[in-house]
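The primary structure of each chain is shown beneath.
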Amino acid sequence: MSAFHFDGLVWHWPIAIYLFLAGLSAGAVFFGILLKHFKLGKKAYQSRFIQAAALIAPVTVCAGLGILVLDLTKPLDFWKILVFYNSTSVMSMGVLVLMVYQLMLFAWIGAIFCTPIVQWCEGRWGLVTRGLIKLQQWEDVITGVLLILSLSLGAYTGFLLSALIGFPLLNNPVLPVLFLVSGLTSGAAATLLVGVLLKGNPNGIEVRFIHGIEIPMILIEMAILFTFFAGLILSGGQSQVAAFNALGEGFWGWIFWGGVVGLGLTLPLAFNLWMKVSADRKFAYVAVTASFSLVGVLLLRNFILYTGQMTGT
Amino acid sequence: MDISKRHFLTGCGTLIAGISIYSVAKELAGSEAGASVDQTQTIKYAMVHDENLCIGCNACEQACRDVNNVPDGVSRVVINRTGPFGEYPDQSYRFSRKSCQHCEDAPCVKVCPTGAAYIDPDTGIVGVNQDKCVGCQYCIAACPYQVRFINPVTQTADKCDFCRETQLKQGKQPACVEACPTHALVFGNIRDPESELVKTLKSKPTYRAKTDLGTRPKLFHVPTIDGEIVL
Ligand code: SF4
Ligand code: SF4
Ligand code: SF4
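Residues numbered from 1 in each chain as written. Chains lettered and ligands numbered in written order. Predicted model: local features only at pLDDT ≥ 70, side-chain atom pairs only at ≥ 80, totals over all residues. Heavy atoms only, no water.

**Student:** Could you give an account of the environment of alanine 243 of chain A, with specific residues and numbers?
**Tutor:** Residues and elements named next belong to chain A. Looking at the secondary structure, you find alanine 243 in helix α10 (residues 237–247). By relative accessible area, alanine 243 is classed as buried at 0%. Sequence-wise, alanine 243 and leucine 232 are 11 residues apart; in three dimensions their C-alpha atoms are separated by 6.2 Å. Ignoring any residue separated from it by four or fewer positions in sequence, one finds alanine 243 in contact with Leu169, Phe229, Leu232 and Ile233. (Helix = DSSP H or I, 4+ residues; strand = E, 2+ residues; numbered from the N terminus. Buried < 20%, exposed > 50% of the residue type's maximum accessible area, 1.4 Å probe, protein only. Contact = heavy atoms within 4.5 Å.)

**Student:** Give me the lowdown on the nonpolar core, citing residues and values where you can.
**Tutor:** By size, the foremost hydrophobic cluster in this structure holds 144 residues, and its most contacted members are Trp11, Leu161, Phe229 and Ile304 of chain A. At 17 residues, helix α1 (residues 13–40) of chain A tops the list of elements feeding residues into this core. In this view, phenylalanine 229 of chain A contacts Leu169, Ala243, Ala246, Leu247, Phe256 and Phe303 of chain A; residues no more than four positions away in its chain are not counted. Formed by 6 residues, the second largest nonpolar core is a distinct cluster that contains Ala46, Val186, Phe220 and Val222 of chain B. (Core = buried A, V, L, I, M, F, W, Y, C linked by side-chain atoms within 4.5 Å.)

**Student:** A description of a nonpolar patch on the surface should follow, citing residues and the corresponding values.
**Tutor:** Residues and elements named next belong to chain A. Side chains of Phe78, Trp79, Leu82, Val83, Tyr85, Leu96, Met99 and Val100 sit close together on the surface and give an oily, nonpolar patch of about 660 Å² of accessible area. Where the nonpolar patch is concerned, the elements lending two or more residues are α3 (79–83) and α4 (90–112). For valine 83, the position within the fold is in helix α3. (Patch = residues over 30% accessible without salt bridge, like charges linked within 9 Å, V, L, I, M, F, W, Y side chains within 5 Å. Areas by Shrake-Rupley, 256 points an atom, 1.4 Å probe, with all protein chains shown as cover. Salt bridge = Lys/Arg side-chain N within 4 Å of Asp/Glu carboxyl O.)

**Student:** For the pairing of strand β3 (residues 92–99) of chain B, give the residues involved together with the corresponding values.
**Tutor:** Residues and elements named next belong to chain B. In this structure, strand β2 (residues 77–85) lies alongside β3, joined through 7 bridges in antiparallel fashion. Each residue of the ladder has a partner; that of phenylalanine 85, found in β3, is serine 92. Here β2 folds back onto β3 in antiparallel fashion, the turn holding 6 residues, of which glycine 86 has a positive phi close to 85 degrees. (Pairing = 2+ DSSP bridges.)

**Student:** If you had to explain the sheet that holds strand β8 (residues 185–189) of chain B to someone new, which residues and values would you point to?
**Tutor:** All names here are of chain B. Strands sit in the order β8-β1-β9 across an open sheet of 3 strands; the sheet is mixed. Since the sheet does not close on itself, it has two edges, and those belong to β8 and β9 (219–222), each with one partner. In this sheet, adjacent strand axes meet at a mean angle of 20 degrees when their direction is disregarded. Relative to β9, strand β1 (residues 45–50) runs parallel, the two sharing 4 bridges. Across the sheet, residue histidine 49 finds its bridge partner in β9, namely histidine 221. (Axes fitted to C-alpha atoms, helices over the stretch in contact; angles between N-to-C directions.)

**Student:** How would you explain the site of ligand 3 if you had to name every residue and give the values?
**Tutor:** Residues and elements named next belong to chain B. Every one of the 13 residues lining ligand 3 counts as a neighbour, but Cys64, Arg97, Cys160, Cys163 and Cys176 are closest to it. Mapped by element, the contributors of at least two residues to the shell around ligand 3 are α2 (59–68) and α5 (175–179). The residue inventory of the shell around ligand 3, partitioned by class, reads 9 nonpolar, 1 polar and 3 charged. (Near = heavy atom within 4 Å. Nonpolar A, V, L, I, M, F, W, Y, C, P; charged D, E, K, R; others polar.)

**Student:** Report on the packing of α1 of chain A against helix α12 (residues 283–310) of chain A, specifying residues and quantitative values.
**Tutor:** Residue and element names in this part refer to chain A. One can describe the packing of α1 onto α12 by two numbers: an axis separation of 9 Å at closest approach and a directional angle of 135 degrees. The angle between α1 and α12 places the two elements in the oblique class. For α1 against α12, the interelement crossing comes out right-handed. Of the residues in α12, those in contact with Trp13, Ile15, Ala16, Leu19, Phe20 and Leu24 of α1 are Leu294, Val297, Leu298, Arg301, Asn302, Leu305 and Tyr306. (Parallel < 35°, antiparallel > 145°, perpendicular 65-115°, else oblique. Left-handed = near helix turned anticlockwise from the far one by under 90°.)

**Student:** Could you give me a rundown of the interface of chain B and chain A, with the residues and numbers involved?
**Tutor:** On the chain A side, the residues contacting the 38 residues of chain B number 33 residues. Across the interface of chain B and chain A, roughly 2,900 Å² is buried in total on both sides, 64% from carbon and sulfur atoms. For chain B, the biggest contributors to the area lost against chain A are Pro113, Val134 and Tyr138 of chain B; these three give 21% of the whole. At the surface where chain B touches chain A, the tally comes to 0 salt bridges. Between chain B and chain A we count 16 residue pairs in polar contact (both at pLDDT 80 or more) in total. Counted by class, the side of chain B that touches chain A contains 20 nonpolar, 12 polar and 6 charged residues. (Buried area = accessible area lost by both parts, 1.4 Å probe. Polar contact = N/O pair within 3.5 Å; in protein donor to acceptor, adjacent residues only side chain to side chain.)

These results come straight from atomic positions and should not be treated as a statement about function.
Right under this line is the structure:
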């Protein structure tokens, strides 16, 4: 049995990347909304970090969907998922959420970038201008709905796997929460990374705000991971076997302890605490911390997907 | 600000109300459907595999392949052999059948995004509608019995369908049942008390796999008496 090929393996890494990208998009939107609401207000569109979130969110969600479609055995038939719905299917409901989410996402981007776009239009394309102004009037509604949708999307990435009742590690009520929180973390990290790459101020209020939320979030994520595996081990039977298979020695054990816990959680936590006391944030600090978080979440998705399918009931 | 706040609250309220009404309605619809299916249905097909009669000859697999055009490399039914148990010359093997269990509460049907995996209300057979299947493989991952596969020719999900499209249409027994030389397989209508299936179920002790998952499978196994005792 090797780490990437074993009996019973159905879903491979493209699904992990899809889950990663969907969660990342949801997280970027979530933090974009919080940033605008609590810190930036009307002038949000000038912030590099809001621009980063507005860039990342649509790109990642579209890329994720693209991967999902290419991973079908009949990619050209993907439209059937959009035409036929099944209310008991997590995937079907997720696709529904994804569609409305994308719609709302573009409406939100239109609303917050209304002012610069209208200026740029200089009175040309009256229809565009009028449409954007309408969007701006409805911004609060759009924002509220989008916030709920982004949280649903983040949780959906976990529900998709937890519906697989034959695998105790996946069929676990904590999984959607874990994926939601880690998805939000990855969204925050991506927003920071792209923000500073776009020459945003690494010591600006946006970075301070997001870092302020990140510390408790990493702690929560650690607590959830602990609950997740403690719950499995205490349930005994195949759940226990699954947990020990995943965490024990071997490739995926290394990925978990070194990659997910070490690189993805502990180091960013340490860096965050350090930046908090040293008060001055530099480009390299912010970028490296964010990259570690991102890699950690990507590894977590792969770790759960593969080890989850390793042990059946 | 006040107006937009009100907009926002109205929006959220509507959304939440919509979601809760939807889930309650679904719950009601689900419980009604669940209750009615069980009572009105007069045909519900099931199968018994007698592990004491099975000799592991694989005639069932071959017959299924021929009749249902199953390509090489995949199979709708597999006979798993464990053993040998005991000392030579008193050795024995255990054979267990692995194929679709035609779950009453089928996880594959629940997760399929397009409804391509479905349970036929007239016969209780779980089938795959090839035209609707997009090959997302969600059902393959969701089936706790790991009996589904992608058919390399059609590129759609495939598995045992109790020969619904072939033998049953011609009024015959499933191919594997007809091919079995020791009559280890019995197929029939579980609603018909006179059927050989019901008589077998009432005369031999049987078990079903992984019933704790709530799948209510319709493939029964008569357990081997030979073999080792495992704790
Ligand atoms: S055994 Fe698997 S494929 Fe067959 S009905 Fe049950 S869940 Fe579906
Ligand atoms: S592979 Fe086909 S039958 Fe299976 S869940 Fe996907 S669409 Fe449905
Ligand atoms: S019932 Fe038909 S489809 Fe199912 S295993 Fe037997 S021969 Fe194959």
